[in-house]
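# Observations on the three-dimensional arrangement
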Amino acid sequence: MTAIKQISIIGATGNLGVPVVKNLVRFGYKVHAIVRNREKASALFGKMPDVKISEADLRDVPALKTALKGTAYLYLNLSTQATHLKISFAAEREGVANIIAAIDKDCIKQIISISGLGALDNNQDAGKITFIPNIIRKQGHKLIKESGIPYSIFHCTWFADSFVLYRRNNTYMVIGDTQNPVYFTNCYDFSCLLANAIGNTEAFYKEFPVQGTKGINHPDAAKLFFSEFSENTKVKIAHGWILGLAAVFNKEMKFVKHMSDYFRKTKEEFLAEEWGTYQALGEPKYDVQGYAKKIKDEKFYDYLNVTKSENENKTLKMKSTGIKTLFLAFISALTISCSSNKELTAPKSLYKTEEGKATAYKSYDITMELWDLEYREEFVDTDYGKSHVIISGENNEQSLVLLPGLFADATMWYPNVKALSQHFKVYTLDMINYGGKSKPAGKAVASMDDYKIWFTQILAHYHIEKTSVAGLSYGSWLALALAREIPDSISGLALLDPSETFMPMKSSMAWKGFKYFMFFPNRKKYEKFFDWMGGGYTDPQLDIWFEHMLDVIEYGSVGMFDIPQHKIYEPEELKMIKMPVLIMAGGKPIIYDSPEAFKANALKAIPHAEVIIVPNAGHGLNMEKPEIVNKKLIEFFE
């Protein structure tokens, strides 16, 4: 080992971060763990005096600068789970860029990073399947190399530790049908390599494949491991077709399927000896079975029991999906799996035909008669086409931007805009990629980055430096996502019955969506679905808007999978949301099984938010209870 005994680690609480921290402390190191979640880190390392904990998010450069001040040796244990290159933020790309920007250049002596074997230079020829995280990793590696800071990059194969980390209820599931040999490594051998690389000039400006010495296929390796570690553990195989069905409705499983395809079709080459890993940093000590015995005898992974109840809850949740959800997954996989995985492109028009467009525009104009106030309509040029914007409340100084729900447009705000325009200059947007009168052209809205650019260009057109933003359903998720990307441009957020965002929607929502939209869809079925989803409509004028909404859906060219999909945010992903946040949700269990559980999840994600459950309301909150919504929005934003 080297004489240097201090190192900072970003990603210390990850699956492969915790065992590395434990091993380095064993080797006599003092570790500075820079983490997103101090509470989680304290639970893991609180009793280890040689571990110092600092809190910083990879998106927050000022916080990173503070945490990294004085760091000489830095280890990056980052991970990216992506199936598309155009994601707005990847830890191993944008996160690396922020780290390099935040590093104390007067102190840093070496950056060490963990990576995948497939991201090794010259190890992805044209004949191999593309694995998106490896491409993103290589982009991050380029940034590290161009920084001029001495680096060591470890390209690792599978860790035998994964057998313990991903075992559930005495079952370990092998993903996919791979029979290719894998040269399994483990966290102890890797920690030894890492320790030997710290401050070692022989390891500077180099990349090292990290592998064991013997190749063995995944199922056989798992059985061998558990024969020593836990004979009661069963090894099962999740075949590719099962993963394919699960991937249709679950983003995490979509990544697992992508990973499974990669490892099934890619044969691992033994590279560690050729690239000099053993000669420079030492040979591995444990094979799969020997490592299983070591960590069993040492009770090395006993800390995982802390999260046992959480894992059990997840298992119960998976078991409760029911026959409807399985049937939905099976049928939908046949009908929409291609569209759900396609690369998003810019539509030539938001409508299938010119006749359909004319019909939707006519009902749009009829609905605008409900606004009962002065307004003007404009088209704003953006990189994505001409965005249709309606402006009212011209004499007010404070601005408010309204974002519509999925497949809706600016007309949906007719019960609210008159009241809001008495207090704010209101910019009501038609989206550039669905519904309304916007005219897409040029670039596709394929990721959150595209939404950010589009929205920023609209603000710039109107010389808006900072604005309040409100949205409904998908529009409220988008409002929050924009606030994560450009927090300095948003002064306040109002999220009306956000879809997902803080917790999964109930399974019956997916079932009814399939029943009415995918199984011989027609206008009457659309009407029945929205009538059920609303639950509290009383305004007779709603029929006018509703006819327009049905026109947009019937004649529109954009489908469910033609837009960036929303996600559920973990609390640590929302640390930058410091502006005031109002969240209002319907009290009827339509989108969520329990509005109370939704409120608890929302407060967990954004503790300073004001969360209101509106009684006797469904998903169309702004239309069902406009008096309550208008009064609260005015009070909140003023």
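### Comments concerning the overall build of the chain
Secondary structure assignment for the chain yields 24 helices and 21 strands. Of all 638 residues assigned to the chain, the portion counted as buried reaches 55%. Pairs at least 24 residues apart make up 78% of the contacts formed inside the chain by residues separated by at least 6 positions. Entry remark: accessible area of the chain is about 28400 Å², with carbon and sulfur atoms responsible for 53%.

### Thoughts on helix α4 (residues 91-102)
The terminal C-alpha atoms of α4, which comprises 12 residues, lie only 14 Å apart, well short of the 16 Å expected from a rise of 1.5 Å per residue. Where α4 is concerned, the buried positions are A91, E92, R93, G95, V96, N98, I99, I100 and A102. As for α4, its buried residues are in contact with β1 (6-10), α3 (61-68), β4 (73-76), β5 (110-116) and α5 (132-146).

### Describing the pattern of salt bridges
In the structure shown here, the tally under the stated rule is 22 salt bridges. We note a salt bridge from K575 to E55, for which the minimum N-O separation is 3.2 Å. Here E55 lies in strand β3 (residues 51-55) and K575 lies in the loop between α21 (542-555) and β20 (581-586), a separation of 520 residues in the sequence. Look at E55 and you get partly exposed, because its relative accessible area is 37%. The salt bridge involving R376 is made with E394; its shortest N-O contact spans 2.2 Å. Here E394 lies in the loop between β14 (385-392) and β15 (399-403) and R376 lies in strand β13 (residues 376-382), a separation of 18 residues in the sequence. Accessibility expressed as a relative area gives 30% for R376, which makes it partly exposed.

### Thoughts on the nonpolar core
In this structure, L403, Y451, F455, L493 and F502 are the most contacted members of the largest nonpolar core, which totals 96 residues. Aside from chain neighbours lying at most four places away, what touches L493 is V469, A479, L480, A483, M579, P580, V581, L582, F636 and F637. Among the nonpolar cores identified, the runner-up in size contains 60 residues, and F184, A222, Y291 and F300 belong to it.

### Regarding the sheet that holds strand β6 (residues 151-156)
Strand order in the open sheet made by the 7 strands is β3-β2-β1-β4-β5-β6-β10, with parallel pairing throughout. Two strands in the sheet have a free side with no partner beyond their single neighbour: β3 and β10 (206-210). Between one strand axis and the next, the sheet turns through 20° on average, direction left out of account. The pairing of β4 with β5 spans 4 bridges and is parallel. Paired with Y73 across the two strands is Q110, which belongs to β5. The strands that helix α2 (residues 38-45) touches are β2 (30-35) and β3; relative to β3, the one it contacts most, it runs at about 170°. Running at roughly 170° to β2, α3 makes contact with β1, β2, β3 and β4 of the sheet.

### Re helix α12 (residues 288-298)
Buried within α12 are the following residues: V288, Y291, A292, K294 and I295. Looking straight down α12, one finds that the buried residues subtend no more than 165° of arc, so they occupy a single side. Buried residues along α12 sit in contact with α1 (17-26), α6 (162-165), α7 (187-197) and α8 (218-229). K299 sits one or two residues past α12 and shows a positive phi near 55°.

### Here's the deal with unusual backbone geometry
The backbone of D372 sits at a positive phi, close to 55°, despite the residue not being glycine. Structurally, the position occupied by D372 is in the loop between α15 (354-368) and β13. Note on D372: relative accessible area 53%, which makes it exposed. With a phi angle near 60°, S473 is a residue other than glycine that sits in the positive phi range. By secondary structure assignment, the location of S473 is in the loop between β18 (467-472) and α18 (474-485).

### Some details on the pairing of β1
Across the 5 residues that make up β1, a large majority, 4, are buried. As defined by bridge partners, β1 adjoins β2 across 5 bridges and the pair is classed as parallel. Its bridge partner being in β2, I10 is matched across the sheet by I34. This β-α-β element, β1 to α1 to β2, shows right-handed connectivity. The sheet contact formed by β1 and β4 spans 3 bridges and is parallel. Each residue of the ladder has a partner; that of I9, found in β4, is Y75.

Rules used throughout
Residues numbered from 1 in each chain as written. Predicted model: local features only at pLDDT ≥ 70, side-chain atom pairs only at ≥ 80, totals over all residues. Heavy atoms only, no water. Helix = DSSP H or I, 4+ residues; strand = E, 2+ residues; numbered from the N terminus. Buried < 20%, exposed > 50% of the residue type's maximum accessible area, 1.4 Å probe, protein only. Contact = heavy atoms within 4.5 Å. Areas by Shrake-Rupley, 256 points an atom, 1.4 Å probe, with all protein chains shown as cover. Expected span 1.5 Å × (residues − 1). Salt bridge = Lys/Arg side-chain N within 4 Å of Asp/Glu carboxyl O. Core = buried A, V, L, I, M, F, W, Y, C linked by side-chain atoms within 4.5 Å. Pairing = 2+ DSSP bridges. Axes fitted to C-alpha atoms, helices over the stretch in contact; angles between N-to-C directions. Arc of directions from axis to C-beta. Right-handed = clockwise from strand over helix to strand, strands pointing away.

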